[in-house]
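# Examination of the molecular architecture
Chain by chain, the residues run as shown.
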Amino acid sequence: MNVQSMAMLLRGKRGKWAISLLLLLGVGVILRWAYPGLLASYIGVVNAPLRYDTGEPLSDREFDKLAAELTQHYRQERAMAQTAGEENAFARRLKMDMLMRTRSFQKQAPYPHIGYFREAGIRRYDGPETCLGCHATLKVTDEQGKIRQVKTLEDVVHSVHFKFQSSESGFSTYGFDGREVNGEGTRPIPLGKINRACGVPGSFTWTGWAELVKSKPEHAGGAVELRSEGCGQCHIGGGYHPSTEQMLPIHDAPEVAKQGIDCLICHATGYDMNARTVIEDSHGRRWNQDRSLKTALTVGQPTAQTCLFCHQHNMGGDQEKNLPPGSAPDNLGHSNRRLLHPGAKRGNSFQKESDVHAAAGMVCTDCHQPEGHKIPRGDKGVDLVANDLPRKKVECEGCHTAAPHVKDTEDRALLNGHVDRLSCEACHIDELRSDNVVLRDWIHPVWNAEEGVYVFKDVYQSGKAGKGFKFLWFNGNGTFLANALGDNPVAKGRYNPLMNQLVRIDDPEAVAQIRQAALELQQSYPDLDVDRYVREATDPLSVLSPEMLAQRKKMIEEYIRPVMEKGKSRIYPFKVFNAIMYEDMSNQGPFGAMILPFDYPVYYETGKPEESVKKALAHPIIKRMYEEPFKLYMMDEFMRYFGVGRWSGEFPLAADGSFKKVESHWMRQMGSLMVNHGIRKEGRRCKGCHSSKGIIDFEALGYPPERVAELQSLPEMK
Amino acid sequence: MLLLTGYARAEDRACLRCHGMKSMAIQDPVTGGIRSLAIDAAAMAASSHAKLNCLRCHGPGFEVYPHFEEAKREALHCLECHKGNDKFPYALFESIEKGFDRSIHAQALPDRFSCASCHDPHLFHGLSRTPVADVPAQVHQDNQICLNCHRNNERIKELTGRILPTLKNTHAWLPDVERHWQAVRCVECHTGSRRPLDHFILGKSFALRDCVSCHSRNSVLLGKLYLYQNAENRQKAGFVNALVMNNAYIIGMTRNVWLDWAGFALLALTAFTLLGHGLARWLMARKRGH
């Protein structure tokens with residue numbers, strides 16, 4: 001067709017149609033090909049095909065040998081467990097041998113995928129591609145028992161485990177402006193671990209995704225040892241950055257990133273955590289995965305062990321000892337070993353020794369019952385972690401009845417009576433682990449000779465009631481900065497944790513320990529004013545101006561109290577936490593200021609936190625955050641929730657590279673994290689709470705003095 | 001007296017320190033059901049028994065904690081007051097007792113069924129004469145007593161250790177079930193008598209199943225549910241009556257004489273026309289035949 005006839009065609013009535021069609025096609029082309037590229041360059045992310053060392057396909061013979069080894073190993077473990085009661089070593093060995101020769105024992109075939117792979121001719125594991133070969137779709141049963149079929153890959157890619165965020169409603173958190181996060185009257189923005197202000201490592205996932213740190217451990221005599229660090233170690237995506245694209249408008253995860261999904265870390269009991277270290281290639285750094293055929297053959301439904309590959313960090317913590325073989329903290333890698341994180345995030349262990357449900361052999365998904373790859377975390381929550389199934393309950397009452405105490409015939413009714421006011425956890429979690437961190441100082445790093453890096457200083461750790469965790473009224477909701485909300489149901493208007501127990505540490509023993517830690521810090525930082533340090537750590541509101549303080553009180557009464565009074569409140573234990581970090585003071589409100597991220601390598605290697613912050617601020621996406629499009633797209637709304645009102649957009653670095661309005665502060669109140677694991681069979685005794693020395697501060701919980709006196713001295717207790 | 005009341009209230013407060021806990025309950029080791037031991041003090045104060053203190057019915061052995069095991073096993077003795085008290089007509093409670101003893105409940109669960117099984121003494125508010133206007137309210141309230149168990153398999157399980165088929169299924173034969181449940185009490189059919197306050201509750205095999213028992217001029221409902229309607233109005237039943245005015249229209253029972261007459265007249269008129277028409281045609285045919 002020549003140009004003339006084309007022009008003719010475009011002029012006629014049909015021409016209008018043709019032009020519209022062409023325009024539509026153009027938009028399509030832009031959206032499909034040009035837009036993702038533009039966006040990627042705007043936020044500075046890299047995507048490239050992800051290659052892993054999967055080796056050559058095995059021969060049939062090698063495959064059979066591997067299968068036999070795996071099965072044999074499984075039976076051996078079983079035989080070991082079954083003969084554990086035999087003390088005589090020789091007798092035990094004989095018993096094990098007999099078992100191994102027993103016909104029924106020999107018939108145990110624990111790994112059905114050995115057969116599937118053999119038949120399908122799968123002799124190498126190539127990641128999601130291999131899994132999807134058979135599992136392209138899966139059937140999902142929802143709570144009503146309705147079954148629907150979904151595409152497996154889509155199901156995974158749109159789960160919180162992959163996205164790290166959600167733009168939907170269903171957060172049980174409220175902004176300090178009184179609005180439900182992404183609820184009615186808001187403009188939904190992507191929120192979750194990907195971008196929440198966080199006082200624990202990394203601050204933002206973008207600036208600390210996959211890093212290699214040059215450590216100089218004592219044992220190496222000054223030689224450099226590379227260590228892996230970053231948020232990506234616990235993420236099922238294997239890309240060069242978190243799934244940032246998914247939080248931007250009209251965009252999904254790129255296809256190459258989807259091939260980086262680590263199916264096996266959740267599904268294979270034989271997963272080798274030693275594979276999980278940072279690797280560097282021509283495109284950048286990312287986290288390696290165990291993609292061995294051996295591991296793939298052990299695939300099945302997730303177990304407690306597979307969940308704990310990642311969640312050990314926020315359960316018992318990285319320092320927990322006597323973990324089962326294969327556990328993450330005991331398998332840090334063969335090279336580029338991961339750095340461990342001292343100071344447990346929650347310190348409530350899910351191991352046989354410390355949790356009654358773990359001891360009963362239960363797995364995580366018994367309570368967190370998934371719908372496909374969407375895993376519920378319960379309808380209660382104080383933090384900004386996205387929730388795939390926000391309306392699905394995960395609670396003790398799901399299995400235990402409304403009258404759960406059955407054995408103690410004398411007091412069972414009375415104990416059950418307490419259920420109306422007390423959560424099960426309040427009595428059945430006795431203590432958190434002693435390395436549970438309460439106060440963490442990020443701005444005064446100290447040298448860790450053993451690891452050969454500078455590390456943050458935990459100023460105060462405690463697992464004790466009233467110290468490492470506090471009892472708070474809780475109706476299932478939290479603030480934007482993770483403070484449990486609730487109210488005393490019998491004494492309205494008296495309970496105010498945001499002006500009381502979450503902003504004050506007055507336990508003399510704790511204060512003494514904090515002072516001691518400050519004195520230790522003073523040895524490395526001679527300018528440190530110990531008195532001031534202790535004051536600000538134990539009374540973070542002391543840094544607020546009187547106007548700011550007045551505004552805080554006003555906002556609590558106006559916006560927060562109505563949320564506190566919602567629903568039904570019960571007393572729950574909450575792990576409390578605060579950290580001193582660098583803050584962008586141009587975005588400050590009565591509840592805190594925007595926290596600035598750290599760059600891991602600079603921090604760990606030099607011990608210069610300010611330089612580390614400056615490096616992190618240079619990250620493209622952080623720069624973009626301070627520009628107009630991001631301000632309009634999400635930051636303004638983010639800061640309204642934050643209680644600041646708007647995003648200043650003022651970049652905290654001056655042209656000469658110096659800080660602009662950056663100060664180090666403790667968060668203005670302690671965060672409170674739910675603790676629901678580490679459940680003991682035995683609850684607390686009555687005297688534990690009902691005495692003048694009891695662990696529950698009834699006064700702080702808003703009870704009037706006469707009721708406090710009554711609760712502390714029950715006639716029956718005399 | 002005043003002193004005594006004051007003392008009694010203090011006593012109750014001691015009980016309510018525990019039994020005021022809303023979740024006070026035990027799981028019954030025999031049946032596996034949950035039995036609530038909580039008392040709603042406000043509802044209690046509004047009940048017929050508001051003036052009684054706890055130990056008046058529960059005692060002795062309940063005044064100390066932990067309570068005596070024997071005391072916990074002891075049943076309530078409602079009739080001690082209700083039969084042996086001038087406030088209540090002796091004959092009434094005698095007949096209630098007799099009826100109850102023969103009822104399906106007492107027969108099936110002799111040890112586990114008592115007055116309190118239906119009439120929660122902490123909540124129950126005795127109904128004096130129900131005017132027609134309040135019939136729907138009474139229906140709701142009385143049916144709730146039955147439904148507390150019969151629509152709650154947890155409770156059934158607590159009492160019997162087994163699960164019963166749903167009411168919807170057992171009443172599937174009844175047209176417009178929901179309507180019936182809103183309009184009449186379970187006991188109308190499940191006693192089948194005209195005696196007011198009849199406690200001889202019948203199981204499904206003996207309960208009324210014929211529509212005409214109610215849907216007739218001589219409806220059993222007149223003896224019970226509508227017993228207390230204005231006598232004068234009842235004299236005129238079949239005329240423009242109170243039931244119609246109160247939207248409680250019951251097919252078959254509620255009659256309007258004028259409408260009846262109008263119906264008859266219409267019928268007669270139709271017959272007359274038909275006959276006339278036939279006669280006329282016959283006459284015409286005969287005439288043409290000539």
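Residues numbered from 1 in each chain as written. Chains lettered and ligands numbered in written order. Predicted model: local features only at pLDDT ≥ 70, side-chain atom pairs only at ≥ 80, totals over all residues. Heavy atoms only, no water.

### Re the overall build of chain A
To keep it simple, the criterion reads: Going along the chain from the N terminus, every DSSP run of H or I of four or more residues is numbered as a helix, and every run of E of two or more is numbered as a strand. What the globule rule says is 2.2 Å times the number of residues to the power 0.38, and the radius of gyration is computed from C-alpha atoms. Three labels apply to residues, based on accessible area from a 1.4 Å probe with only protein chains included: buried if under 20% of the type maximum, exposed if over 50%, partly exposed otherwise in between.
Of the regular secondary structure elements, chain A holds 26 helices and 16 strands. Expected size for 718 residues packed as a compact globule is a radius of gyration near 27 Å; at 28 Å, chain A falls within 12% of this value. Over its C-alpha atoms, taken along the principal directions, chain A stretches across nearly 95 × 80 × 60 Å. Taking all 718 residues of chain A together, 52% fall into the buried category.

### Focus: the overall build of chain B
The cut-off we apply is this: Residue contacts follow a heavy-atom distance rule, with two residues in contact if any of their heavy atoms lie within 4.5 Å. Here the open area of atoms and residues is found with the Shrake-Rupley method and a 1.4 Å probe, where only the protein chains shown may cover a residue.
The helix and strand tally for chain B stands at 16 helices and two strands. Looking at chain B residue by residue over its 290 residues, the buried ones come to 28%. Sequence separation of 24 or more characterises 52% of the internal contacts of chain B that already satisfy a separation of 6 or more. Carbon and sulfur atoms make up 62% of the accessible area of chain B, which amounts to about 19800 Å² in all.

### Brief notes about unusual backbone geometry
At the junction of B:Tyr65 and B:Pro66, the peptide bond is cis and its omega measures out at -5° in the coordinates. Among the secondary structure elements, B:Pro66 is positioned in the loop between α3 (54-57) and α4 (69-73). Phi is positive for A:Asn182, close to 55°, though the residue is something other than glycine. Positionally, A:Asn182 belongs in the loop between β3 (173-174) and β4 (211-215). Phi is positive for B:Asp176, which is not a glycine, with a value near 50°. Structurally, B:Asp176 can be placed in the loop between α11 (167-170) and α12 (177-183).

### Some remarks on the side chain of A:Arg75
Residue and element names in this part refer to chain A. Our working definition: Note on charges: Lys and Arg go in the positive column, Asp and Glu in the negative column, and His and the chain ends are not counted at all. The rule for a salt bridge is simple: a side-chain nitrogen of Lys or Arg has to be within 4 Å of a carboxyl oxygen of Asp or Glu. Contacts described as polar in this section are N or O atom pairs within 3.5 Å, which, within protein, must combine one atom able to donate a hydrogen with one able to accept it, while residues neighboring in sequence count only if both atoms come from side chains.
Considering the arrangement of structural elements, one finds arginine 75 in helix α3 (residues 60-82). Despite being buried, arginine 75 has no salt bridge partner; aspartate 64 is the closest side chain of opposite charge, sitting 13 Å away. Of note is the side chain of arginine 75, whose polar atom sits 2.6 Å from the backbone oxygen of glutamine 106. Beyond its immediate chain neighbours, meaning those up to four positions away, arginine 75 contacts Met100, Phe105, Gln106, Lys107 and Gln108.

### Some thoughts on the environment of A:Asn195
Position of A:Asn195 relative to the elements: it lies in the loop between β3 and β4. Among all residues touching A:Asn195, those that are not within four sequence positions of it are A:Pro190, A:Phe204, A:Trp206, A:Met247, A:Met634 and A:Phe638.

### A few points about the interface of chain A and chain B
For clarity, the threshold we go by: A 1.4 Å probe defines the accessible area here, and the buried area is the portion of it lost by two parts on being joined, summed over both. Three classes are used, and their members are as follows: Ala, Val, Leu, Ile, Met, Phe, Trp, Tyr, Cys and Pro are nonpolar, Asp, Glu, Lys and Arg are charged, and the others, Gly among them, are polar.
The partner chain B presents 15 residues to the 19 residues of chain A that form the contact. Both sides together, the interface formed by chain A and chain B hides about 1500 Å², and carbon and sulfur atoms give 58% of it. Summed over the three residues of chain A that lose the most area to chain B, namely A:Arg412, A:Ala413 and A:Leu414, the buried surface amounts to 30% of that side. Inspection of the region where chain A meets chain B yields zero salt bridges. Counting every contact that joins chain A to chain B gives seven residue pairs in polar contact (both at pLDDT 80 or more). At six residues, helix α16 (residues 412-418) of chain A tops the list of elements feeding residues into the side of chain A that touches chain B. Looking at the side of chain A that touches chain B, its residues break down into eight nonpolar, five polar and six charged.

### Focus on the side chain of A:Gln233
Tracing the backbone shows A:Gln233 in the loop between β5 (225-229) and α10 (255-258). With sequence-adjacent residues up to four places away left out, A:Gln233 is seen in contact with A:Arg276, A:Trp287, A:Cys310, A:Arg338 and A:His341.

### Regarding the domain arrangement of chain B
All names here are of chain B. Quick note on the threshold: Per the annotation, domain bounds derive from an automatic or database assignment of domains.
The domain architecture assigned to chain B consists of domain 1 (1-74), domain 2 (86-247) and domain 3 (255-282). Buried surface at the junction of domain 1 and domain 2, summed over both partners, amounts to about 1000 Å²; 51% is from carbon and sulfur atoms. For the domain 1 face of the interface with domain 2, the top three residues by lost area are Thr31, Ser48 and His49, together amounting to 36%. Summed over the shared surface of domain 1 and domain 2, the number is one salt bridge.

### A short note on the pairing of strand β10 (residues 469-474) of chain A
Of all six residues in β10(A), six are buried, a share of seventy percent or more. Side chains A:Phe469, A:Phe471 and A:Trp473 project from β10(A) onto one buried face, and the interleaved A:Lys470, A:Leu472 and A:Phe474 project onto a second face that is buried too.

### Focus on the nonpolar core
Residue and element names in this part refer to chain A. What counts here: The definition of a nonpolar core used throughout is a set of buried Ala, Val, Leu, Ile, Met, Phe, Trp, Tyr and Cys residues joined through side-chain atoms within 4.5 Å.
Within the largest apolar cluster, 120 residues are counted, with the highest numbers of intra-cluster contacts made by Leu191, Leu439, Phe480, Met594, Met625 and Phe638. With nine residues, the top contributor of residues to this core is strand β13 (residues 570-589). Once residues within four sequence positions are removed from consideration, methionine 594 is found in contact with Phe204, Tyr582, Glu583, Asp584, Asn587, Met625, Met635, Phe638, Met639, Phe642 and Trp647.

### Quick word on the packing of α3(A) against helix α4 (residues 89-101) of chain A
Residue and element names in this part refer to chain A. Condition: Axis definition: a line fit to C-alpha positions, over the contact stretch in the case of helices; interaxial angles, taken between N-to-C directions, run 0 to 180 degrees. Any angle from 65 to 115 degrees is called roughly perpendicular, while one under 35 is roughly parallel, one over 145 is roughly antiparallel, and all others are oblique. Rotating anticlockwise by less than a right angle from the far helix to the near helix defines a left-handed crossing, while the corresponding clockwise rotation defines a right-handed one.
Contact geometry for α3 and α4: axes closest at 9 Å, N-to-C directions at 135°. Taken together, the axis directions place α3 and α4 in an arrangement best described as oblique. The hand of the α3/α4 crossing is right-handed. Contacts between α3 and α4 pair Gln72, Arg75, Gln76, Ala79, Met80 and Gln82 from the former with Arg92, Met96, Leu99 and Met100 from the latter. Its residues assigned to classes, the contact of α3 with α4 shows five nonpolar, three polar and two charged.

### Details of helix α20 (residues 546-564) of chain A
Applied cut-off: Two axes are fitted around each residue, one to the seven residues ending there and one to the seven starting there, and the angle between them is reported as the bend at that residue.
Residue A:Glu557 marks the point of greatest curvature in α20(A), where the axis turns by about 40°. Within α20(A) the residues assigned to the buried category are A:Met548, A:Arg552, A:Met555, A:Ile556, A:Ile560, A:Arg561, A:Val563 and A:Met564.

### Observations concerning the pattern of salt bridges
Pairing of side chains with opposite charge becomes possible as their charged atoms draw close. All names here are of chain A. Tallied over the full model, the rule gives 53 salt bridges over all chains. Here aspartate 281 makes a salt bridge to arginine 286, at a shortest N to O gap of 3.1 Å. Between arginine 684 and aspartate 430 there is a salt bridge whose closest N-O contact spans 3.3 Å. Of the two residues, arginine 684 sits in the loop between β16 (671-674) and α25 (686-689) while aspartate 430 sits in the loop between α17 (424-428) and β8 (437-448), which places them 254 residues apart along the sequence. Judged by relative accessible area, which is 15%, arginine 684 ranks as buried. A relative accessible area of 28% places aspartate 430 in the partly exposed class.

### Focus: the packing of aromatic side chains
Definition in use: Only Phe, Tyr and Trp rings take part, Trp by its six-membered ring, and two of them pair if their centres are within 6.5 Å. Stacked means planes under 30 degrees apart, edge-to-face means over 60, and tilted covers everything else.
Evaluated as defined, the whole model comprises 29 aromatic pairs over all chains. Seen in terms of ring centroids, A:Phe480 and A:Phe642 are 6.2 Å apart; in terms of plane orientation they differ by 65°. Their pairing is edge-to-face. On the criterion of sequence distance, the pair formed by A:Phe480 in the loop between β11 (477-479) and β12 (484-485) and A:Phe642 in helix α24 (residues 628-642) is long-range, its members being 162 residues apart. Taken individually, A:Phe480 and A:Phe642 each receive the classification buried, so the pair is uniform in this respect. Seen from their ring centres, B:Trp261 and B:Phe264 are 6.2 Å apart, and the 65° between their planes marks the pair as edge-to-face. A residue pair is termed a helical-turn pair when its members lie 3 or 4 positions apart in one helix, as B:Trp261 and B:Phe264 do in helix α16 (residues 257-289) at three residues.

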